[in-house]
Amino acid sequence: MNLKELARKAISTLFLSMLCLVAFAQTATGLVKDKTGEPMIGVNVLVKGTTNGTITDFDGKFSIPDVPSNATLVVSYIGYLTKEVKSGKDLVIVLEEDNKTLDEVVVIGYGTVKRRDLTGSVASVTGEKLAANPVANVAQALQGQLPGVSVTSQDGRPGAGMSIRIRGGGSITQSNDPLFIVDGVQVSGIDDIPADNIESIDVLKDAASTAIYGARGANGVILVTTKGGKDGRVSVKYNMYYQMKENPKLLETMDPYDYVYNTWAYMKSLGDSYGDGVARYFGLGSKYGNHLNEYKNMTTHNYINDLMQTASSWNHDVSLSGGTDKTKFYSSVNYMDDEGIRVKSGFQRWNANFKLTQKINKKLTADFDLRYSEIEVNGSGFGNATSAYTYRPVDNPLGDASFTAGFGQGDTNMEETSNPLYYLNTVDYIKNMYRIRAKGALTWNVIKGLTAKTELSLNRNWNQEKTWNAGQTEKDNSSAKLKKSDGYGVRWATTLNYEVQGLGDDHSLSFLVGNEVLASKSDYTEIYGVGYPKGFTMDDAFGMINMTTPSLGQDYFKGEIGTPNHTLSWFGRANYSYKGKYLLEANFRADASSRFAKGYRWGYFPSFSAGWRISEEDFMENTHGWLQSLKLRGSWGLLGNQDAVSDEYYPYLPTLYIGKNFPFGGSVHQGITVVSHKVTTISWENSTNWGIGFDANFLNEFMLSVEYYNRKTSDIIMDIPVSDTSVSYTHLTLPTIA
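Residues numbered from 1 in each chain as written. Predicted model: local features only at pLDDT ≥ 70, side-chain atom pairs only at ≥ 80, totals over all residues. Heavy atoms only, no water.

A. Broad picture of the overall build of the protein. In terms of helices and strands, the protein carries 9 helices and 36 strands. Per-residue burial for the protein yields a buried fraction of 41% across its 738 residues. By sequence separation, contacts in the protein at least 24 residues apart represent 66% of the contacts at least 6 residues apart. Put simply, the protein shows about 38400 Å² of open surface, and 56% of that area lies on carbon and sulfur atoms. (Helix = DSSP H or I, 4+ residues; strand = E, 2+ residues; numbered from the N terminus. Buried < 20%, exposed > 50% of the residue type's maximum accessible area, 1.4 Å probe, protein only. Contact = heavy atoms within 4.5 Å. Areas by Shrake-Rupley, 256 points an atom, 1.4 Å probe, with all protein chains shown as cover.)

Put into structure tokens, the structure is as follows:
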């Protein structure tokens, strides 16, 4: 082939290639609209893999030049699902709303519901958000996450209790803590559950949501759903974090000179005797050596620095999960070691759990759940750390350091035995908690729409507290206190859930009925001894706790065999929806408690709620581009509370005290007296709640909830003194308090 022929073919090939490019390069045009047919303005249309793109105009139309015929267009808009289509001319593209938030499933009492269909007040937070907060107690991670829920730490120790209030408190006599439900099992708290194990937490705030729990839901309900197995291959995950903690800022104290000078001036203003006492202690004035200016050269001792430290925390979590369409499992082991920023304080926790779901056949499914935890909390006397700044910043007073009488009630800030470090070094506290929970459930799909479920759960707990005080001085007697407690809880619940069939697309109606039996009991013993031999350590004392000095008369032993508590309940719920716009819900629960006398044991707690999804109305069509949902809701409900009645005794029976001394026949005799009268008419505290609110989802990024509620508590139960000299207290019912 000569060069002339080769050049001719090359030119022909290049010409044909250019023709192909011209033939396949085109202008892509089209229209973007929503599912109602309305044109969408400002939609992004981009050629995939390039920066070539545009946005739709006021008529929802777009035009992109120089687009290869085999290219893909990416169409996106806030609040809508992104869509990919093949390039072309006169395309008609329909975008669908991203209803992920609206279709989110929320756990409610004995069931679930889509968030869009809620008529009550429910706040939720995902496990991912909780796990992002490296805290020992998962309740602390709820701070600032949920509207209407107040979470505060009782003190700064690792593992310290958290105070949770849902819409404030409802009782002036007893606990206002909410009800905790973990995977259907009632628990006393959630401090033993690692955040890595949690799928979601849902908080029921109003009576419409909590009435299904009757008396137990008077202070709100916190529902915790833990992670479970899913279809797919076996997955092994390991999560770990390490953190360092320190006080961001410590309180500053006066330098020795300013402290001595100001204290002397203040005490002299109270009287000459006080001023003379301070002068004698610090060596001030001509009478006691004129040492005031010498304090200018002393180093300031801030005891808060001695009590605080830079601390570290470790958390390890290993999980194994997987399953098939018939068998799913999830297991995990967690270990946390949280060192406190106050020396001699810390929190350690071991936690293990196993969950199994087994589909027996097409209609029967079995669920098993087992959880075990061990917790150890170290450190007490935290108040000494927070008040350490009040102790004198002078190590060696230049006067008579043994004379503190001149300080009046402030002598504890001067005495050597009140030194915060002394207390910290001589007092030890260890608390160990062991908990095990087990649950088994059987679900039967009887017929289409009808589901029966029965579940049995058992929880046991053992606690031990050791407090050792070696004595601040040689004259002080050492002491040891050992407290042990244990308890159990049993729950058996059966529910029937029926979704009515054949009502068409516009109507939805479902019913829930159920029965629940609860039983619980706790006992404790406590031993206190004083005057152990010199040189005894904490281990020595608790190994030989009887080696005290009985002549001091301070030893004691006490205990309590708790009163069993039983509750029998029947409950039901009905839900109706018309076209997904108009929502109605009614709940009713009847509880019978063993704490009350016959004839007063039953309490009846109804609630009603309604919702209107305004965003689904025809007149709201023009807002669908930016407003995904707007719902107005209202509720009313009646709740009860039995926790105002002490667990220690039945109030309808009199309480007797053995050991009361009486004068009789010229001498003192031991007898029995009545501590409290029986009150057979005592019954439930009642709390009436009503509220209105609205929920909005807009731009697919933001949620807004605004609520107004009113809560009024009546028939409050409390102990008050009565005039009978042989009786200390009795239960009385007070009028309504709002």
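After presenting the structure, the write-up continues.
B. How the structure looks around the packing of aromatic side chains. Applying the stated criterion across every chain, the model contains 19 aromatic pairs. Measuring from centroid to centroid gives 5.1 Å for Tyr303 and Tyr391, while their planes differ by 85°, and the two rings are edge-to-face. Here Tyr303 is found in helix α6 (residues 303-307), whereas its partner Tyr391 is found in the loop between α7 (382-386) and α8 (420-426), with 88 residues between them in sequence. Taken as a pair, Tyr303 and Tyr391 share a single burial class, namely buried. (Phe/Tyr/Trp six-rings, centres within 6.5 Å; stacked < 30°, edge-to-face > 60°.)

C. Just the sheet that holds strand β3 (residues 53-55), in detail. Taken in spatial order, the 4 strands of this open sheet run β3-β2-β5-β6, and their pairing is antiparallel. Of all strands in the sheet, those bounded by a partner on one side alone are β3 and β6 (83-86). On average, adjacent strands in this sheet sit at an angle of 20° to one another, irrespective of strand direction. Strand direction decides the pairing type here: strand β5 (residues 72-76) and β6, joined by 4 bridges, are antiparallel. The residue of β6 that forms the bridge with Val74 is Glu84. (Pairing = 2+ DSSP bridges. Axes fitted to C-alpha atoms, helices over the stretch in contact; angles between N-to-C directions.)

D. How the structure looks around a nonpolar patch on the surface. On the surface, Leu456, Leu458, Val490, Trp492, Val517, Leu568, Trp570, Phe588, Trp602 and Tyr604 cluster together to form a nonpolar patch covering roughly 960 Å² of accessible area. Of all the secondary structure elements, the ones that give two or more residues to the nonpolar patch are β23 (450-469), β24 (479-499), β27 (565-578) and β29 (602-613). Mapped onto the elements of the fold, Tyr604 is located in strand β29. (Patch = residues over 30% accessible without salt bridge, like charges linked within 9 Å, V, L, I, M, F, W, Y side chains within 5 Å. Salt bridge = Lys/Arg side-chain N within 4 Å of Asp/Glu carboxyl O.)

E. Looking closely at the sheet that holds strand β14 (residues 185-187). Reading across from one edge, β10-β15-β16-β13-β14 is the order of the 5 strands in this open sheet, with mixed pairing throughout. The sheet terminates laterally at β10 (122-126) and β14, the two strands that pair on one side only. Neighbour-to-neighbour, the strand axes of this sheet turn through a mean angle of 25°, independent of strand direction. The pairing of strand β15 (residues 198-204) with strand β16 (residues 221-226) spans 6 bridges and is antiparallel. Each bridged residue has a counterpart across the sheet, and for Ile201 the counterpart in β16 is Val224.

F. Main features of the pairing of strand β9 (residues 111-114). In this sheet, β9 lies alongside strand β8 (residues 105-108) in antiparallel orientation, the contact comprising 4 bridges. Each bridged residue has a counterpart across the sheet, and for Val106 the counterpart in β9 is Val113. Hairpin connection of β8 to β9: 2 residues between the antiparallel strands, including Tyr110 at a positive phi of 60°.

G. Main features of the nonpolar core. Judged by nonpolar contacts, the single largest core of 25 residues is most densely connected at Leu130, Ile190, Ile201 and Ile222. At the level of elements, β10, β11 (149-153), β12 (162-166), β13 (179-182), β14, β15 and β16 are the ones that each hand at least two residues to this core. Within the second largest apolar cluster, 17 residues are counted, among which are Val43, Val45, Leu73 and Val85. (Core = buried A, V, L, I, M, F, W, Y, C linked by side-chain atoms within 4.5 Å.)

H. Up close: the pairing of strand β21 (residues 364-378). With 14 bridges joining them, strand β20 (residues 346-359) and β21 adopt antiparallel strand pairing. Within β21, the residue paired with Leu356 across the bridge is Phe368. Connecting β20 to the antiparallel partner β21 that follows it, the hairpin turn spans 4 residues. Both β21 and strand β22 (residues 427-447) contribute to a ladder of 15 bridges, which runs antiparallel. Bridging from a neighbouring strand, Ser373 pairs with Arg435 of β22.

I. Structural context of helix α5 (residues 272-282). By the burial criterion, the buried members of α5 are Gly275, Gly277, Val278, Ala279, Tyr281 and Phe282. On its buried face, α5 sits against α4 (256-270). Note on α5: the residue one or two positions beyond its end, Gly283, has a positive phi of about 75°.

J. Up close: the pattern of salt bridges. Within the structure shown, the criterion is met by 23 salt bridges. Lys521 serves as the salt-bridge partner of Asp523, at 2.8 Å between the closest nitrogen and oxygen. Residue Asp695 is joined to Arg633 by a salt bridge in which the shortest nitrogen-to-oxygen separation is 2.8 Å. Here Asp695, found in strand β33 (residues 685-698), pairs with Arg633, found in strand β30 (residues 627-641); they are 62 residues apart in sequence, far enough to count as distant. Neither residue differs from the other here; Asp695 and Arg633 are each classed as buried.

K. Examining the packing of α4 against α5 more closely. Between α4 and α5, the least distance of the axes is 5 Å, while the angle of their chain directions is 155°. As far as their axial angle goes, α5 and α4 are roughly antiparallel. Across the interface between the two elements, Tyr259, Val260, Thr263, Trp264, Met267, Lys268 and Leu270 of α4 pack against Asp272, Tyr274, Gly275, Val278, Ala279 and Phe282 of α5. (Parallel < 35°, antiparallel > 145°, perpendicular 65-115°, else oblique.)

L. Quick look at the side chain of Ser607. Within the secondary structure, Ser607 is located in strand β29. Those residues in contact with Ser607 that sit more than four places away from it in its chain are Ala207, Ala208, Ala211, Glu585, Ala586, Asn587, Trp636 and Gly637.

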